[in-house]
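Each chain, letter by letter, is given below.
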Amino acid sequence: MNSTHDFILDSLKDEPIGETVHFVWFITDIGIAALFKRNENFKIYNLNVEKEAKNISLDVSKEEKEYCEIEDKKLFLFYS
């Protein structure tokens with residue numbers, strides 16, 4: 001595991017900033033993390049992540065988006 005993954009995993013222990021249908025949202029030292037709630041089809045998550053961010057007043061449309069699998073967790077990381 002690398003230090004980036006360590007930062008993300010530590011942040012997932014904190015209180016989330018919001019929850020939507022498919023994601024639990026966290027602030028990390030790197031950016032915003034959208035943690036997958038279930039293990040559904042990747043396409044469903046990918047199509048819904050930006051729409052669901054707006055539901056909790058986050059605009060991630062101009063951020064870089066990276067898909068990560070860390071240990072048993074799947075998430076999108078948004079950063080500038």
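Residues numbered from 1 in each chain as written. Predicted model: local features only at pLDDT ≥ 70, side-chain atom pairs only at ≥ 80, totals over all residues. Heavy atoms only, no water.

(A) Molecular detail of the overall build of the protein. In terms of helices and strands, the protein carries 2 helices and 5 strands. In the protein, the order of α-helices and β-strands from amino to carboxyl end is α-β-β-β-α-β-β. For the protein, the C-alpha radius of gyration of 12 Å lies close to 12 Å, the compact-globule estimate for 80 residues. Taking the principal axes of the C-alpha coordinates as reference, the protein spans close to 30 × 25 × 25 Å. Looking at the protein residue by residue over its 80 residues, the buried ones come to 38%. Within the protein, residue pairs in contact and separated by at least 24 positions form 44% of the contacts whose partners lie at least 6 positions apart. For the protein, the accessible surface area stands at approximately 5,100 Å², while carbon and sulfur atoms represent 46% of it. When the 10 basic and 16 acidic side-chain charges of the protein are each reduced to a single mean position, those positions are 8 Å apart. (Helix = DSSP H or I, 4+ residues; strand = E, 2+ residues; numbered from the N terminus. Rg over C-alpha atoms; globule rule 2.2 N^0.38 Å. Buried < 20%, exposed > 50% of the residue type's maximum accessible area, 1.4 Å probe, protein only. Contact = heavy atoms within 4.5 Å. Areas by Shrake-Rupley, 256 points an atom, 1.4 Å probe, with all protein chains shown as cover. Lys, Arg positive; Asp, Glu negative; His and termini not counted. Charge placed at Lys NZ, Arg CZ, Asp CG, Glu CD.)

(B) Geometry of the pairing of strand S5 (residues 73–79). Examined bridge by bridge, strand S3 (residues 32–36) and S5 share 4 bridges and lie antiparallel to one another. Following the sheet pairing, Ile32 is matched in S5 by Phe78. Hairpin connection between strand S4 (residues 64–70) and S5: a loop of 2 residues separates the two successive antiparallel strands, and Glu71 in this loop has a positive phi of roughly 55 degrees. (Pairing = 2+ DSSP bridges.)

(C) Structural context of helix H2 (residues 42–55). With 14 residues, H2 ought to run about 20 Å at 1.5 Å a step, and its terminal C-alpha atoms sit 20 Å apart, in line with that. For H2, the principal kink sits at Val49 and spans about 45 degrees. Burial in H2 covers these residues: Tyr45, Val49, Glu52 and Ala53. On the buried face of H2, the contacting elements are strand S2 (23–27), S3, S4 and S5. Of the residues that open H2, the one with a side-chain oxygen 2.8 Å from the backbone nitrogen of Lys43 is Asn41. Following H2 by one or two positions, Ser57 adopts a phi angle in the positive range, close to 65 degrees. (Expected span 1.5 Å × (residues − 1). Bend = angle between axes of the 7 residues up to and from the residue. Polar contact = N/O pair within 3.5 Å; in protein donor to acceptor, adjacent residues only side chain to side chain.)

By themselves these figures say nothing about function.
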